[in-house]
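Examining the three-dimensional arrangement
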Amino acid sequence: MLSRVADAVFWMARYMERTNGLLRVIRTNYIASQDEVKDFSWQTILEVYGNLKPEAVAEMAHQSARALECLVIDKENPSSVIHNIRFARENARAVQDHITKEVWQCLNDFYHLVRDEHLQELLRFGDPVSAMDLLNKQGMTYYGVVDTTMSRSEDFCFLNIGKYLERAILTADILQIKLRELQGEEANTESPGWRYLLYSLAGYEWYLKNNRGNIQTPLVLRQVLYDMHFPHAIAYCLGQVNRYAERLRPFALPETFRQTEFIIGKVMSDIKYSTTDLSDLAALDQLFQDIKNNCYHIGNSFNQLYFGNS
Amino acid sequence: MDNSFLSGYDTSPGVWDEMFAAAGIRGHYRNFVSAIENLSAAEMSHKDELAKKLFMSQGITFTVYSSGEGVEKIFPFDIIPRIIQAAEWSTIEAGIKQRLKALNIFLRDVYHEQFIIKDGIIPAKLIYSCPNFLREMMHVDIPHDIYTHISGIDLIRDSDGTYYVLEDNLRTPSGVSYMLENRSITYRIFPSLLPRNKVRSVKHYPDLLLRNLLALANRSTSNPNVVLLTPGIYNSAYFEHTTLARLMGIELVEGRDLVVDNHFVYMKTTRGLQKVDVIYRRVDDDFIDPLVFRPDSMLGVPGIYWAYRKGNVAIINAMGNGVADDKAVYAYVPDMIKYYLNEEPILKNVPTYRLEIPGNQQLVFDKMDQMVIKKTNESGGYGMLIGSAATEKEMDDFKTAIRNDPRSFIAQPIISLSAAPCYINGRLQPRRVDLRPYALYGPDGIDIVPGGLTRVALKEGSLVVNSSQGGGSKDTWVVDE
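What you see is a predicted model; the values in this text were computed from it and never measured.

Residues and elements named next belong to chain B. Pairing is parallel across the open sheet formed by four strands, whose spatial order is β9-β8-β13-β14. With partners counted over all chains shown, the strands left at the sheet margins are β9 (251-254) and β14 (314-316), one partner each. Each neighbouring strand pair of the sheet contributes to a mean axis angle of 30°, computed without reference to strand direction. Taken together, the three bridges between strand β13 (residues 278-281) and β14 define a ladder with parallel strand orientation.

Right, dumping it as structure tokens:
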């Protein structure tokens, strides 16, 4: 297939994964902002996804409505949901003949939905949870449509590599945010913060099933980093990246395949043999940063070897 | 005829109406009218809404990039189909085939021996002064001597119902995807009307096109690689490019996906370079090769011209076709038909005054209010003056421009264009239409899918149907009746 097409499919999947992940994070945080006793702050999230100056972050940190507007529908913010959807769609537009008509229409609907006036009003003045549920549902439809209509050929591999790579990055991102939020508090005690983290990764129920209702930081970290049954765990995501990269073998030049195989394998064992020591938060933060850097490294190798960009 | 949206339909005098004759509804429309005349106004509005929604959700839009982020617009679609009788259609079909045969021989001739100039049928000056005549195409042999693989011939009807050819579009005619989409929308909004009216199908267009494209590859290639070259997502016809590529199952490429090495064209893939044999290009001549034509072009492929010249890649349509659809050369098409084919033209030309002929200028200036003035190398409804609707100032501006550069202008009497009923603001109203059938010229002959694209001037009284000037389109039916 064309390098440009592989590139666009890869990025379409990344933008969509980011959209869906971000929506879940924002939704969880909004709910937290409503039921928490002490003063809830959007500060860390805005710092990472708001693309704002420190003064603006400070101003918005305690105003949920404005934070939502900035994170979901602000076109000027390059990390916002609307921006991600727009770019997913622009990439899809350039490869309309490679994705199925259904996938294209689904993305197109998503784009029109997030721009819809009623939805934006609902988010601003009505019930933001309903607005985000509508968006979430469209995101779920996207996964379903991709799964049921796309043929299992080369494009599907690139699509999934993009998707799981982005998911791993997002999980590492969220872990990092959480760790910074808990800075100063005792990160290793039971804290509602970790419960919200599990919510935003859709992993709370799975945690309860395995751990009988006790939220304990080491157990949360084990699930989010290493649990091969948890679809947002970093080890699981990289396993999927590896699986789809493996499937490219018959389509790829031998040298290209060998190089990416090596890089992915190395990153996977880095995760596997990492340790999480809660007494050293700086080291933990560094671990999450390393995971992200490793993911970027995988992305760059695809960019050079398969997509022909330098 | 007591229905609210059918009543009050005014046909204007001196305009041919596609649906109404003096004696009432024309025969070939009767079936359709009987199916919709009992629908309530609410139902009709609902269908109109549905059509708009379908276009939007399928992304059948063109994007206007004005303020950073593009604004999505749908190409306005009118739900009432335009219906053509089979007998009439067979005349149109024969006329277009005849015309294309002559135009194709003309292109082969003008880029080789130039008999038509030597025999004094067309003045040499006219050909060499045409900006779209490409010296680079002289003595280039192309597969099967076919230049006009895909063409869209614009037809209009005068007040007595006679068809005239208004323009031959032989370069990269667009709109065929709207023909296909309009049909697929019609069967959603008028269930079972299409089979009941025995409307001839158009959906085999991509199959015919692909068959022709494959046939043009070098015969030593067993499994030719056919691609569609698009200028990219910012092109207003991008939707059409993706639709056609998808329907034919061929790769949609941009200039940056192709490279030329040793006079062969390759595309960049995830496993290295892959040879390309046939290119259906939607990039204009000027932009296709920056080494030969415009050096600032980012859309083309450096070196592709020489690969083409060597016969290593087939390019569709051929380069240099613009000399045959130049509006001043147009005036000579009937002569070409007589000269090359020894036949009388089946379809008429609109009488055309070339303004570089001194006598013609005064003639046209004297009755400018009854004339249309057009620039010879422009399309899309630009560079045009309709005398009946122009101000004194506009006329004077055109006169000055004509005196400065008479070769670039022609004048034609205003043809009043036939009207067809459209569903606008809850009632049927007449609006002016033209017709663009699409013809495919392959090694096995010419195929024309029945119908084509009917374009509508949606503004009341307007004669300009171009989409860039507020025009829309209709589904077009050819029915056996």
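Let us now look at the confidence of the model for chain B. Taken residue by residue, chain B gives an average pLDDT of 89. The fraction at 70 or more is 95%. Quick note on the complex model: pTM equals 0.82, ipTM equals 0.73.

Looking now at helix α9 (residues 238-248) of chain B. Of all eleven residues that make up α9 of chain B, nine are buried, and the element is covered over most of its length. Tyr238, Phe239, Glu240, His241, Thr242, Thr243, Leu244, Ala245 and Met248 of chain B are the residues of α9 of chain B that are buried.

Another point: the interface of chain B and chain A. Chain B puts 19 residues into the contact, and the matching count from chain A is 20 residues. Secondary structure elements with two or more residues in the side of chain B that touches chain A: α9, β9 and β11 (264-269) of chain B. Here the side of chain B that touches chain A takes four residues from β9 of chain B, the largest share from any one element. Of the residues that constitute the side of chain B that touches chain A, the class distribution is five nonpolar, seven polar and seven charged.

In this section: unusual backbone geometry. Put simply, Ile316 of chain B and Asn317 of chain B share a cis peptide bond, and its omega is -10°. Looking at the element boundaries, Asn317 of chain B is found in the loop between β14 and α12 (333-341). In the Ramachandran plot, Ala202 of chain A falls in the positive-phi region, its phi being about 55° despite a non-glycine side chain. With respect to the helices and strands, Ala202 of chain A occurs in the loop between α10 (192-200) and α11 (204-211).

All names here are of chain B. Along β9, one buried face is formed by Glu251 and Val253 and the opposite face, lined by Leu252 and Glu254, is buried too. Pairing of strand β8 (residues 226-230) with β9 involves four bridges; the strand directions are parallel. Residue Leu228 lies in a different strand from β9, and its bridge partner there is Leu252. In this fold, β8 hands off to α9, which returns the chain to β9; that crossover is right-handed.

Here is what the cut-offs are and how they apply
- Residues numbered from 1 in each chain as written.
- Chains lettered and ligands numbered in written order.
- Predicted model: local features only at pLDDT ≥ 70, side-chain atom pairs only at ≥ 80, totals over all residues.
- Pairing = 2+ DSSP bridges.
- Helix = DSSP H or I, 4+ residues; strand = E, 2+ residues; numbered from the N terminus.
- Axes fitted to C-alpha atoms, helices over the stretch in contact; angles between N-to-C directions.
- pLDDT = per-residue confidence, 0-100.
- Buried ≥ 20, exposed ≤ 12 C-beta atoms within 10 Å, placed from the backbone.
- Contact = placed C-beta atoms within 7 Å.
- Nonpolar A, V, L, I, M, F, W, Y, C, P; charged D, E, K, R; others polar.
- Right-handed = clockwise from strand over helix to strand, strands pointing away.

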